Amino acid sequence: MNIHEYQAKEILRKYAVPVPDGHVVYNSNSARDWAKRLGEGPWIVKAQIHAGGRGKGGGVKLARTPDEVKRLAVEMIGMTLVTHQTGPEGKTVKRVLVEKACNIEKEYYLSFLVDRGTSQVTLMASAAGGMDIEEVAANTPEQIFFESIDPLIGLAPFQARKVAFKLGLGAAQVKQAVPLLMNIYKMFVEEDCSLLEINPLVLTKEGNLLCIDAKLNFDDNALFRHRVIRDMRDYDEEDPNEIEASQYDLSYIALDGNIGCLVNGAGLAMATMDIIKHYGGEPANFLDVGGGATIERVTEAFKIILSDAKVKGILVNIFGGIMKCDIIATGVIEAAKQVGVKVPLVVRLEGTNVAKGKKLLAESGLNIVSADGMTEAAEKIVKAVQAAA
Ligand code: GDP
Ligand code: MN
């Protein structure tokens, strides 16, 4: 799960990590009020969306007076902000963060992430901060360094000092960097984070380290033990189909193609996407209905696929083990009755109760193309979609 920058900063503040004073607002008058309450300006007004690159897109602006803070908030609240991370359609800004501006001497990059290669949390840092880290990684990878953290020991003070020295910090800043890094690591572990990115971490002209941007992701599987963080979820920032799917415990990820896939088992779902691509098609989604899905869940899954306007054909690929083919067939028929299927539908069923499932589909009156085996199923759906185009 992702949260907004201002929420990430609230959590950082709780762990005594230095962030600017600021407050989130939903209204431009409230933006002006908060500017005054924060004390002397200038202030920074920052659009809160779940995407980076806001600065270049006009979502981070400096204001010299409280009235200017209000004017910028008027501009930003309701605007569609397009950045290289939002896609061309952009995202609507509903909240802005009003913050005390700081005087930047230098910008650094800092992140903590779960490295699956080492099975450890890795600290990544660079003195080339403020820019796209992907670009730094591509062009000057030697400017990024890594520190792998042993989970039994945690981030050792000597490691934090090593990072601080590599960033080229002076003695006074190294002293600030060590607790900053150690507190961030503590937060990362205690709050079950999967990614923290501070870009930039800045050195102010006054000589202080300050996190002026923060992106924080959490491990969804641990959210049950973080009530406060769960409440930070902003559904407006998420794909509506993915929200629906998560309510029904379906693993669904929207993709760019036009062939909807309903599959049981993550491995088979991946293989189904591969074989669709092999025959020249493009999957519209990843969807694993899981082993013990009920008719209701299958119906919901099918409705989610159908609600995607890009979908020009559907492939149902089921290998019945725990999942019974007749349950899938009933779910498909139920959903088709409720919402209607106007696109080609290819169904491949195999395994437990396959005869029963096939019989149900055959007698349903639905226009279903049945297939034996994955290869035939993929070929048929790709052909059907291409023929309809
Ligand atoms: P992003 O573009 O979405 O990553 O948003 P950031 O929060 O990283 O802001 C973008 C850029 O705005 C930063 O890299 C800074 O250069 C600048 N910026 C942000 N806050 C301040 C501030 O308080 N003072 C100054 N001078 N610049 C700031
Ligand atoms: Mn940033």
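Residues numbered from 1 in each chain as written. Chains lettered and ligands numbered in written order. Predicted model: local features only at pLDDT ≥ 70, side-chain atom pairs only at ≥ 80, totals over all residues. Heavy atoms only, no water.

### Some details on the domain arrangement of the protein chain
Short version of the rule: In this document the domain limits rely on a domain assignment from an automatic tool or a database. Note on contacts: a residue pair qualifies if any of its non-hydrogen atoms lie within 4.5 Å across the two residues. Here the quantity called buried area is the accessible surface, traced with a 1.4 Å probe, that two parts lose on coming together, added over both. Salt-bridge detection follows one rule: a side-chain nitrogen of Lys or Arg within 4 Å of a carboxyl oxygen of Asp or Glu. Contacts described as polar in this section are N or O atom pairs within 3.5 Å, which, within protein, must combine one atom able to donate a hydrogen with one able to accept it, while residues neighboring in sequence count only if both atoms come from side chains.
Entries for the protein chain in the domain assignment read domain 1 (1-20 + 103-238), domain 2 (21-101) and domain 3 (239-388). Between the C-alpha centres of domain 1 and domain 2 there is a distance of 23 Å. Facing the 16 residues of domain 1 at the interface are 16 residues of domain 2. Here domain 1 meets domain 2 over a buried area of about 1,400 Å², counting both sides, of which 38% is carbon and sulfur. Contact with domain 2 buries area across many residues of domain 1, yet Tyr 6, Pro 20 and Glu 237 alone supply 41% of it, more than any other trio. On the surface where domain 1 and domain 2 come into contact, there are seven salt bridges. Two residues, Asp 234 and Arg 95, come together in a salt bridge whose shortest N-O distance is 3.5 Å. Joining domain 1 to domain 2, the criterion identifies 12 residue pairs in polar contact (both at pLDDT 80 or more).

### So, the coordination of the manganese ion (ligand 2)
Spelled out, the test is: Counted as donors are the N, O and S atoms within 2.8 Å of the metal, or 3.2 Å for Na, K and Ca, while water is not among the atoms, so some sites may look incomplete. For the purposes of this entry, the term helix denotes a DSSP run of H or I that reaches at least four residues, the term strand denotes a run of E that reaches at least two, and both are numbered from the N terminus. A simple rule labels every residue: compare its accessible area, found with a 1.4 Å probe on the protein chains alone, to the largest value its type can have, and call it buried under 20%, exposed over 50%, or partly exposed in between.
Taken together, the protein ligands of the manganese ion (ligand 2) are Asn 199 (O) and Asp 213 (OD), with distances of 2.1 to 2.2 Å. In this pair, Asn 199 is assigned in strand E10 (residues 193-204) and Asp 213 in the loop between strand E11 (209-211) and strand E12 (215-218), connecting sequence segments 14 residues apart. Given the relative accessible area of 15%, Asn 199 is considered buried.

### Observations regarding the sheet that holds strand E2 (residues 43-48)
Our working rule: Pairing between strands requires that DSSP locate at least two bridges from one strand to the other. Axes here refer to lines fitted to C-alpha atoms; in helices the fit is confined to the stretch in contact. Angles between the N-to-C directions go from 0 to 180 degrees.
The strand order across the open sheet built from four strands is E1-E6-E2-E3, with neighbouring strands paired in antiparallel fashion. Whereas interior strands pair on both sides, the edge strands pair on one side only; in this sheet they are strand E1 (22-25) and strand E3 (60-63). When strand polarity is set aside, the average angle formed by the axes of neighbouring strands in this sheet is 25°. Two strands pair when backbone bridges link them, and E2 and E3 are joined in this way by four bridges, in the antiparallel orientation.

### Re the environment of Pro 18
As for its position among the elements, Pro 18 is in the loop between helix H1 (5-14) and E1. Note on Pro 18: relative accessible area 29%, which makes it partly exposed. Here the alpha-carbon distance between Pro 18 and Ala 329, two residues 311 residues apart in the chain, equals 56 Å. In contact with Pro 18, other than residues within four places in its own chain, are Leu 180, Leu 209, Leu 210 and Cys 211.

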